[in-house]
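# Analysis of the macromolecular model
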Amino acid sequence: MASHKIKIAARLRPRLQGELDDEGIQITHIPGGPSCISVANPRDLSQVFNFPIASCYDQSSTQEAIFEQDVRPLVDVVYSGVTVTIFAYGVTSSGKTHTMQGTPAQPGVIPRVVDAMFLQKTALQRSSVELAVSYMEIYKDEVYDLLVNRETAPKLPIRENDVGQVFVANLTSLPITSVEQFDAIYSRASRHRSVGATNLNHASSRSHAVLTIEVTMTDSAAQKTLTGKINLVDLAGSENNKLTGNDPIRMAESSAINKSLSVLGQVVHALNQGASRIPYRNSKLTRILQDALGGSSVGLLICNLAPGNKFRQDTLNTLNFAVRTKNVENRPVINERDSRPPPKAHFAAIQPAPPKLAPAVLQSIPIHASSNNTTTTNAAAGPSRGPRPSRVPRISGIGAGLAPLLAGGANTRSRPSSSAAFTEGSQSRVQLTDKEIDERIARAVEAEVARRLQEREDRDREEQLRLQQEKENIALKEKQATEAEKEKTRSQAEPNIPSGVLTPLLTRHRDLDDQLQARLAELEEKYERGNRELQLADVLSPTSKKKTGRAYVALARAHSEKGDLQVALDLYRKAETYVPDNIKLRERVLEIEWALKNGKEFVPSPQKPRKARGKKRKVAAITLGRSLMGQEQVDDIQNGAEDGSGEEAAASGSGSGLILGQIKEEYEGQETPAKRSRYEVKIEQ
């Protein structure tokens, strides 16, 4: 088929309640010509940008109009054996999921495509038409199957077959025979998709979703099989974290979404520039959509626009991406294969030996020109229908000797010696090929990741079981207490119970209920908060954990000095998540919890007093004096120091008394290494 450019359609969603709209986006329909979208520059309102787009839909457009004008003709293309890709693109909360899925009252592209495909199936006069569906999501640049249990779904690898087509390995594909069966499968799988709430959208898609419907048409008369496929892609919207108010988990999801959309723009730019290398492998999204971007499929891009003032710059980015994308050319290919069985060879014909593949080794080995020509010819001819050769050639001692006899007849050659055959077999027994090494590494990494995920899920499951058991124990104790109260009341009941007797019991029961409810709420809040902090702490290094813990402690200390004990307690608990082995921090948490529980004023535990700096020096001086002079003279000098006669006592004493006075005076002063050396010289003299 001839080259086909990606078709562009743009849709402006209606204004939401409370949303500011200055009518800066205008759609103009030119009779007999392309439509145009005019957008005012948010930095200079006097400047207006015009974007000519073939299909434009304003705020009053319907789901049916979009489907009938742009999507319905592509269903016929699918039944002709060609791959079609339709993907919705736009900023978050611009209506992409509504365009693709819709509502029961206003079905979107996906349910209308399924209805049209089944109607087309009944109209075809073919012997066999089969439909199958698969559904996957790309969450944080990892591929997951949505048709299986999402909690236990493994990460799926992306592979490439022998003809260069990209596919997702181990992806579930279910056959469908009716629209009702598809609705049941799709509604169940849609609940597995990752969705979260932000400030801009209460049900924001946190992943890219790809729904694939494959139709296989077998014509028994012509003995041919056509395979058509339609990919319906609901892309997650680009996000501005200043507007969405994302927490750390949502911010990590937003980072992965923005990165994949950025790589998508890089791929489109490289295709328009005719670059020698297209960065398909930089993202799982572009790797899967490789066939739709410069490949062999027919593409339709639906750009969803939001009318609010805060989305104006994102609207310009979306339209600029659309203008670049419509220049990308694809070369659609009809997927047709011959379903006739291969003819049987004559019994007397000699079957040619299967060609030996030249295995790649880890070190570079020169390859002859004849080997290169043979390999290129085999690759161009496609996969052979005969038996597949082994990946690693087997050692054969007679194969090299019999090959000339079978091929030449009269031109016989001498049989190689056993040593030569052994040398050839040793050379053919090489290491694994590069592809096999990559596959083994990928399998090992997947197994390790699956094991770690399983361990984390086991820990979470055990924690949930423990919390559930604790809740059951609390409920059982509450039930037992209630039954005990009832039994006590029944045993002490009299025919005429005075008014006001049961009031304290009922009040106590209500207080117990309130305490239990408060305890349950506290446990649930603590578990959720701990989970969030632990997930954030897992990705930090030990040094970063310690710094983060110190920062939380500093904030908590500031709040505790202001008297905000509850805020300080929360900050201390967050710090405890990063430094769980700090005993002083645990004691501080217990002290604040006790103060809050009993309504007492929080008094921090006193710090240990510091030792005096001059005390040891003074004791050292007295000890030295005792060694130089008697105990009585030392006592006289000390007693004299109190009443002012210490100098006279020291002067009236011996020479050692003078030395003691000098040592005492100098030791009580500021000590330095220079002074210490002078003291030693004086003592020696």
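Right, let's walk through the structure included here. Quick caveat, the model's predicted, so the values are computed rather than measured.

### Some details on the state of the cysteines
Applying the stated rule across the entire model yields 0 disulfides. With no disulfide of its own, Cys56 lies 7.4 Å from the sulfur of Cys36, the closest cysteine sulfur. Relative accessible area serves as the criterion here: at 6%, Cys56 is assigned to the buried category. Between Cys303, a free cysteine, and Cys56, which holds the nearest cysteine sulfur, the sulfur-to-sulfur gap is 9.7 Å.

### Some remarks on unusual backbone geometry
Backbone geometry places Lys140, a non-glycine residue, at a positive phi of 55 degrees. Mapping Lys140 onto the fold places it in the loop between β8 (128–139) and β9 (142–145). Residue class for Lys140 comes out partly exposed when judged on its relative accessible area of 39%.

### Some words on the sheet that holds strand β3 (residues 25–28)
Here 3 strands make up an open sheet; going across it, the order is β3-β4-β5 and the pairing antiparallel. Two strands close off the open sheet at either side, each with one partner strand: β3 and β5 (48–53). Taken pair by pair, the neighbouring strands of this sheet meet at an average axis angle of 20 degrees, ignoring direction. Direction of pairing for strand β4 (residues 35–40) relative to β5: antiparallel, over a ladder of 6 bridges. Considered in β5, the bridge of Ser38 is made with Asn50.

### Focus on the pairing of strand β7 (residues 83–90)
Of all 8 residues in β7, 8 are buried, a share of seventy percent or more. Both faces of β7 are covered, namely the face carrying Thr83, Thr85, Phe87 and Tyr89 and the face carrying Val84, Ile86, Ala88 and Gly90.

### Structural notes on the packing of aromatic side chains
The tally for this structure, following the rule as stated, stands at 4 aromatic pairs. Geometrically, the ring pair formed by Tyr89 and Phe321 is stacked, given 4.3 Å between the ring centres and 20 degrees between the ring planes. Residue Tyr89 is located in strand β7, and its partner Phe321 is located in helix α8 (residues 312–325); the two are separated by 232 residues in the primary sequence. The pair formed by Tyr89 and Phe321 is uniform in burial state, with each residue classed as buried. Relative to Tyr186, the ring of Tyr135 lies with its centre 5.4 Å away and its plane at 35 degrees, an arrangement referred to as tilted. Here Tyr186 lies in helix α4 (residues 179–190) and Tyr135 lies in strand β8, a separation of 51 residues in the sequence. Note on Tyr135: relative accessible area 3%, which makes it buried. Here Tyr186 falls in the buried class, since its relative accessible area comes to 13%. Here the aromatic residues Tyr135, Phe182 and Tyr186 are joined through ring pairs into a cluster of three or more.

The rules behind each value
- Residues numbered from 1 in each chain as written.
- Predicted model: local features only at pLDDT ≥ 70, side-chain atom pairs only at ≥ 80, totals over all residues.
- Heavy atoms only, no water.
- Disulfide = S-S within 2.5 Å.
- Buried < 20%, exposed > 50% of the residue type's maximum accessible area, 1.4 Å probe, protein only.
- Helix = DSSP H or I, 4+ residues; strand = E, 2+ residues; numbered from the N terminus.
- Pairing = 2+ DSSP bridges.
- Axes fitted to C-alpha atoms, helices over the stretch in contact; angles between N-to-C directions.
- Phe/Tyr/Trp six-rings, centres within 6.5 Å; stacked < 30°, edge-to-face > 60°.

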